[in-house]
Amino acid sequence: MTPADEQIEHRQNQFHTWGVYGLLAVSALLSVASHDLMVRPAEWYTGGALLVAAVLLQLWHGPRRGRRTPSPRGTAYYVLRWALSFALTWLNPFFGFYASAGYFDSDELIAGRRRQWLGLLATVVVVAGSQSGGMPIDGLVQWLLFGVLLVTNFGLLAVVGHIAQQEEQRSRERAVTITELERTNTALQQALDENAALHAQLLVQAREAGVADERRRLAAEIHDTIAQGLTGIIAQLQVVSNTPDPTTARTHLERASDLARHSLGEARRSVHNLAPVALAEAGLPEALKKTVAEWGERTGVRADFRLTGTAEQLHEEVAATLLRIVQEALSNIARHAGASRAGVTLSFLGDEVILDIRDDGSGFDPLAVPARTRTGGFGLPGMSARAERIAGSLAVESEPGHGTAVSARVPLVRHD
């Protein structure tokens, strides 16, 4: 209960406890002031005795401490008080003020709506009798006045009672609504707490997934840079060791030296921001053209690069991903395909960028590709993972003896 509710409850207790005494005192004072209405000593003695009885009845009833529940004791009190008010009003109409106390507590003292309205009707009879000039009622005019006052008082009482009943119903509905809202708020708070815990758990999982993804990406970067560079160096040194021609050996040593420098630059660049060195010097088309030309010169395989559509400056991550896919695909061709010709096509098509790598090598069965081992390269799974990382896809078409075609499709995300 709020402090405001407690204050209202305290005032209601005071009114129901002391209000009856106040109405009784006002009635007694007005009766004394109108002494001409009670002229015989017997009336004064009777009025005094009834007044004392009313005070004793009120003391017996006791003070109000919170809303009362209808009971036989409360009904008996109401009936006795009405009888005293009727007798006092018969002696002096000013005791109608005391009789009006029955308007305020019938719902707390009498059980049942019908009995409550009977009690109110009895109270209205006493009050209307006092208002019409006192009892007993004498003469047609006083009876007409009594009837009008009776109907008027009871009608007003019915209207006020109906309004009070509606207000009580709204109060109950508000109480139910408040209880439901409190229950809903409690459930909502529990849901928020659970969501906070789940959010924290998801953050931890996302952080762990991010770490794992970054490790895989770093491993792929190292594989595509240092590992491929070292593979090329080894291949050049093998040629040197197997050739007796000093000029040829010197040429391959120079290539091995260039590869070492390039790999060192890639390693430093990867440590700095994992972006390919070739992209730092030119855009993706130029970097692909240079990569394909150097690969063809190094492997002796005829390699061509072709650009279709209007080239645009791509986002660094998209450009780096496409370059790494080409490097991995060319590395696979050199190691496994035994091809005599390879081609790379970069196509800008609206909101998409398509990268095609083809060769006329031995081909393979895509469904029979073995899983990546600890000693093997990243191969097709690595290229596919790269494309998916930037919301793209990778498709492979190959057949034993009929070459291989790898196609990567990624969204065209322009450079900021």
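Structural data are supplied above this passage.
Below, the structure is looked at part by part. (Residues numbered from 1 in each chain as written. Predicted model: local features only at pLDDT ≥ 70, side-chain atom pairs only at ≥ 80, totals over all residues. Heavy atoms only, no water.)

### Here we look at the overall build of the chain
Each helix and strand counted, the chain has 12 helices and 5 strands in total. The 416 residues of the chain split such that 35% are buried. Long-range pairs, those at least 24 residues apart, make up 68% of the contacts in the chain between residues at least 6 apart in sequence. When the accessible surface of the chain is totalled, it reaches about 24,600 Å², and 61% of it is carbon and sulfur. (Helix = DSSP H or I, 4+ residues; strand = E, 2+ residues; numbered from the N terminus. Buried < 20%, exposed > 50% of the residue type's maximum accessible area, 1.4 Å probe, protein only. Contact = heavy atoms within 4.5 Å. Areas by Shrake-Rupley, 256 points an atom, 1.4 Å probe, with all protein chains shown as cover.)

### Here's the deal with the nonpolar core
Nonpolar side chains in soluble globular proteins tend to end up buried together. The biggest cluster of nonpolar side chains holds 35 residues, and the ones touching the most others in it are L284, L314, L322, L355 and I357. Sorting the residues of this core by element identifies α10 (284-299), α11 (316-337), β2 (341-349), β3 (352-359), α12 (379-389) and β5 (404-411) as the ones contributing at least two each. For this core, the leading source of residues is α11, giving 11 residues. Discounting residues that sit within four places of it in the chain, L322 has contacts with L284, L314, L346, V353, L355 and V410. If you look at the next biggest cluster of nonpolar residues, it comprises 18 residues, including A54, Y77, L88 and L91. (Core = buried A, V, L, I, M, F, W, Y, C linked by side-chain atoms within 4.5 Å.)

### Some details on α12
In an α-helix there are 3.6 residues to a turn, and that puts residues three or four apart on one side. Within α12, the full set of buried residues consists of G379, G382, M383, R386 and A387. Down the axis of α12, the buried set is contained in an arc of 135°. They therefore lie on one face. A391 sits one or two positions beyond α12 and adopts a positive phi of about 65°. (Arc of directions from axis to C-beta.)

### A word on the pattern of salt bridges
All told, the structure shown has 12 salt bridges when counted by the stated rule. A salt bridge links R174 to E167; the shortest N-O distance between them is 3.1 Å. Among the residues examined, R174 registers a relative accessible area of 43% and is labelled partly exposed. Between R414 and E312 there is a salt bridge, and its shortest N-O distance comes to 2.6 Å. Highlighted residues: R414 in the segment after β5 and E312 in the loop between β1 (302-308) and α11, separated in sequence by 102 residues. (Salt bridge = Lys/Arg side-chain N within 4 Å of Asp/Glu carboxyl O.)

### Some words on the packing of aromatic side chains
Each aromatic ring pair is characterised by the separation of its centres together with the angle its planes make. Within the structure shown, the criterion is met by 6 aromatic pairs. With centroids separated by 5.2 Å and ring planes inclined at 85°, the aromatic side chains of F15 and F104 adopt a geometry described as edge-to-face. Within this pair, whereas F15 is found in helix α1 (residues 3-33), its partner F104 is found in the loop between α4 (96-99) and α5 (106-109), the two being separated by 89 residues in sequence. Judged by relative accessible area, which is 43%, F15 ranks as partly exposed. What makes F104 partly exposed here is its relative accessible area of 41%. Judged by centre distance (5.7 Å) and plane angle (65°), the rings of W117 and F154 are edge-to-face. Note that W117 is positioned in helix α6 (residues 113-131) and F154 in helix α7 (residues 140-242), a separation of 37 residues in sequence. An aromatic cluster is built from W82, F86 and W90, whose rings are joined through pairwise contacts. (Phe/Tyr/Trp six-rings, centres within 6.5 Å; stacked < 30°, edge-to-face > 60°.)

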